[in-house]
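# Architecture and fold: a report
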Amino acid sequence: MSARRAIRVAATVAFTALAAGYILWKIDLGKTADTLASANPWWFALACTIMIVTAVPMALRWQWLLAAQGIHDRFAWLTRAYFVSYTAGQILPTAIGGDAVRIYETARRHPGRTADLTAIVVLERGLGGAATVLLGAAGFVLAIGRYDVGAYLWLEGAFVAGTAVAIVVFFSRAARPLLRRLSPLLARVRLERPLRGFYEGVHHFRGHPRLLLEVFVFTTVIQAVRILAIWAACRAVGIELGPRIYYVMGPLFFLVLLVPFTLNGFAVREAFFVSFLGSVGVGADAAFAAGFLFFLVTVALALPGGAVLLWEGVRGGARPRIEHG
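Residues numbered from 1 in each chain as written. Predicted model: local features only at pLDDT ≥ 70, side-chain atom pairs only at ≥ 80, totals over all residues. Heavy atoms only, no water.

### Looking at the nonpolar core
Our working definition: Think of a nonpolar core as a cluster: buried Ala, Val, Leu, Ile, Met, Phe, Trp, Tyr and Cys residues, connected wherever their side-chain atoms sit within 4.5 Å. Here the term buried applies to any residue with accessible area under 20% of the maximum for its type, exposed to any over 50%, and partly exposed to those in between, with areas from a 1.4 Å probe on protein chains only. Residues are treated as being in contact if the distance between any of their heavy atoms lies within 4.5 Å.
In terms of nonpolar packing, the biggest core is built from 75 residues, with Trp-62, Ile-230, Ile-239, Tyr-246, Phe-273, Leu-277 and Phe-294 touching the most fellow members. Filtering out sequence-adjacent residues up to four positions away, Trp-62 remains in contact with Trp-77, Leu-78, Ala-81, Tyr-82, Arg-102, Thr-106, Ile-120, Val-121 and Glu-124.

If you want it as structure tokens, here you go:
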């Protein structure tokens with residue numbers, strides 16, 4: 001194991017241990033177990049349904065972006081790839097691991113387009129992050145005078161700033177000279193060529209402003225619906241807060257999970273639930289139970305992809321389609 005990888009693994013283990021320690025400090029395991037045992041299965045089923053159903057239009061969004069780069073594929077296969085990526089995300093670091101699997105599988109079907117495919121998937125994440133930030137800003141406006149969640153405003157602000165910087169770097173022509181100066185350094189570490197291809201792939205969409213706007217609005221609607229899955233998971237364990245507070249909590253939660261702190265967000269997800277919901281008066285036991293239930297929702301989201309992989313394994317695996325032209 002290289003020194004860099006060893007440091008990364010050690011940091012992941014340390015962060016996981018800190019999050020787990022925080023949870024154990026806050027909750028009573030017996031009470032939490034009782035809360036989970038008495039959870040309402042219908043609210044849980046609603047949360048699972050929301051997450052699974054909203055995965056389908058996300059595949060449609062991906063198809064639109066691929067077509068803009070001249071990469072055409074069947075909607076059914078793209079939906080399959082999306083669900084498989086969720087399955088991979090259960091054993092790889094957060095959504096990033098699932099994205100890597102999605103890029104790899106699609107690149108096998110479209111040889112020579114790996115840089116473009118990577119750029120499109122990252123652009124998807126960027127648009128999703130921007131939509132989530134917008135929802136978070138709207139949530140804070142809704143929370144004014146109702147909830148004391150000011151400490152989370154700084155985190156929201158960091159994501160807003162990061163999104164603004166990313167937009168400038170990838171879409172502003174003024175950023176090109178600065179990036180050009182970095183080329184010799186990147187060439188020495190053999191990153192200049194792949195990063196240039198990736199940058200050009202994202203910058204290509206500067207010529208498609210209407211598509212970007214449509215995808216952004218489409219993504220915002222999907223994210224707004226997905227936040228209701230958190231509300232349903234909380235209702236399942238008896239947390240009677242209305243949907244409004246989850247439009248403050250949900251965007252921050254989704255953004256935090258994008259950062260690969262731990263494997264599949266383990267402990268970070270539950271710690272976030274305990275911390276945020278605790279700030280609005282929810283007991284730690286119920287908050288942790290809600291976070292754990294939402295973990296089970298993500299497991300349910302991974303089941304369709306797992307079933308696809310099992311079926312393909314029985315049939316001998318799916319063969320990649322070689323694209324020509």
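### Some points on a nonpolar patch on the surface
Let me state the cut-off plainly: Only residues whose relative accessible area exceeds 30% and that form no salt bridge enter a patch; like-charged residues are grouped when within 9 Å of one another, and nonpolar side chains (Val, Leu, Ile, Met, Phe, Trp, Tyr) when within 5 Å. Note on areas: Shrake-Rupley with a 1.4 Å probe; residue coverage comes only from the protein chains shown. When a carboxyl oxygen of Asp or Glu lies within 4 Å of a side-chain nitrogen of Lys or Arg, that pair is called a salt bridge. Secondary structure elements follow DSSP: runs of H or I no shorter than four residues count as helices, runs of E no shorter than two count as strands, and numbering proceeds from the N terminus.
Judged by side-chain polarity, Leu-213, Val-217, Val-221 and Val-225 come together as a nonpolar surface patch covering roughly 330 Å² of accessible area. Along the polypeptide, Val-221 turns up in helix α12 (residues 209-236).

### Some remarks on the confidence of the model for the protein
Operational definition: Residue-level confidence of the predictor is what pLDDT reports, using numbers from 0 through 100.
Scored by pLDDT, the protein has a mean of 77; 66% of the residues are at 70 or more. Averaged pLDDT values for the elements of the protein fall to 59 in helix α11 (residues 192-203) and rise to 95 in helix α3 (residues 41-53).

### As for the side chain of Thr-219
In this fold, Thr-219 is placed in helix α12. Ignoring anything within four residues of it in the chain, the contact list for Thr-219 reads Arg-61, Leu-127, Gly-128 and Ala-131.

### Looking at the UniProt feature "transmembrane region" (unreviewed entry) in the protein
Basically, it comes down to this: UniProt positions are given in the numbering used here, feature names are shortened, and annotations may be inferred rather than shown by experiment.
Under the UniProt annotation, the feature "transmembrane region" (unreviewed entry) is placed at residues 7-25, 41-60, 127-145, 151-171, 211-233, 245-266 and 287-311. Measuring from the first to the last C-alpha atom of residues 41-60 gives 30 Å, for a span that is 95% helix and 0% strand. Taken end to end, residues 287-311 is 100% helix and 0% strand, and its first and last C-alpha atoms sit 37 Å apart.

### A look at the pattern of salt bridges
Under the counting rule described, the total for this entry stands at nine salt bridges. The closest approach of N and O atoms between Arg-113 and Asp-116, which form a salt bridge, is 2.9 Å. A residue is classified by how much of its surface remains accessible, and Asp-116, at 18% relative accessible area, is buried. A network of salt bridges, in which partner residues are shared, links Arg-61, Asp-99, Arg-102 and Glu-124.

### Some points on the environment of Thr-49
Looking at the element boundaries, Thr-49 is found in helix α3. Separated by 252 residues in the primary sequence, Thr-49 and Leu-301 place their C-alpha atoms 8.6 Å from one another.

### A closer look at α3
Applied cut-off: Between the first and last residue of a helix there are one fewer steps than residues, each counted as 1.5 Å, and that sum is the expected span. This arc is built from the directions going out from the helix axis to the C-beta atoms. Definition of a polar contact: a pair of N or O atoms within 3.5 Å, with one able to donate and the other able to accept a hydrogen when the atoms are protein atoms, and with sequence-neighbouring residues admitted only if both atoms are side-chain atoms.
For α3, spanning 13 residues, the distance from its first C-alpha to its last is 18 Å, which sits close to the expected 18 Å at 1.5 Å a residue. Those residues of α3 that fall on the buried side of the exposure criterion are Ala-47, Cys-48, Ile-50 and Met-51. All buried residues of α3 project into a common sector of 160 degrees when viewed along the axis, lining one side. When the buried face of α3 is taken as reference, the exposed residues oriented beyond 90 degrees from it are Pro-41, Trp-42 and Val-53. For α3, the secondary structure elements touched by its buried residues are α4 (55-68), α12 and α15 (284-315). If you check the start of α3, you find a side-chain oxygen 2.8 Å away from the backbone N of Trp-42, and it comes from Asn-40.

### Side note on the packing of α12 against α15
Each pair of packed helices gets described by two things: the angle between the helix axes and the distance between those axes. We count it as follows: To obtain each axis, a line is fitted to C-alpha atoms, and for helices this fit is confined to the stretch in contact; angles are then taken between N-to-C directions over 0 to 180 degrees. Here is the rule for angles: anything less than 35 degrees is roughly parallel, anything more than 145 is roughly antiparallel, 65 through 115 is roughly perpendicular, and the remaining ranges are oblique. Definitions for this section: a left-handed crossing has its near helix turned counterclockwise from the far helix by less than a right angle. A right-handed crossing has that turn clockwise. The nonpolar class holds Ala, Val, Leu, Ile, Met, Phe, Trp, Tyr, Cys and Pro. Asp, Glu, Lys and Arg form the charged class, and all remaining residues, Gly among them, are polar.
Running from N to C, α12 and α15 cross one another at 125 degrees; their axes reach a closest spacing of 9 Å. One element, α12, and the other, α15, form an angle in the oblique class. Both α12 and α15 take part in a crossing whose hand is right-handed. On the side of α12, the interface is formed by Arg-226, Ala-229, Ile-230, Ala-233, Cys-234 and Ala-236, while α15 contributes Ala-290, Leu-293, Phe-294 and Leu-301. For the contact of α12 with α15, the per-class residue count stands at nine nonpolar, no polar and one charged.

### Observations concerning the packing of aromatic side chains
What counts here: Aromatic rings from Phe, Tyr and Trp, taking only the six-membered ring of Trp, are treated as a pair when their centres fall within 6.5 Å; an angle between ring planes under 30 degrees marks them as stacked, one over 60 as edge-to-face, and anything in between as tilted. Two conditions define a charge located above a ring, namely a distance within 6 Å from the ring centre to NZ of Lys or CZ of Arg, and an angle within 35 degrees of the ring normal.
Scanning the entire structure with this criterion turns up nine aromatic pairs. Plain terms: the ring middles of Phe-272 and Phe-276 are 5.9 Å apart, the flat faces sit at 20 degrees to each other, and that makes the pair stacked. One end of the pair is Phe-272 and the other is Phe-276, both in helix α14 (residues 268-279) and four residues apart, which spans about a single turn. By relative accessible area, Phe-272 is classed as buried at 9%. For Phe-276, a relative accessible area of 0% gives the class buried. Through a chain of ring-to-ring contacts, the aromatic side chains of Trp-62, Tyr-82, Phe-83 and Tyr-86 assemble into a single cluster. The ring of Tyr-82 is capped by Arg-102, whose NZ or CZ atom sits 4.3 Å from the centre of that ring. Positioned above the aromatic ring of Trp-77 is the side chain of Arg-109, whose terminal nitrogen or guanidinium carbon lies 4.0 Å from the ring centre.

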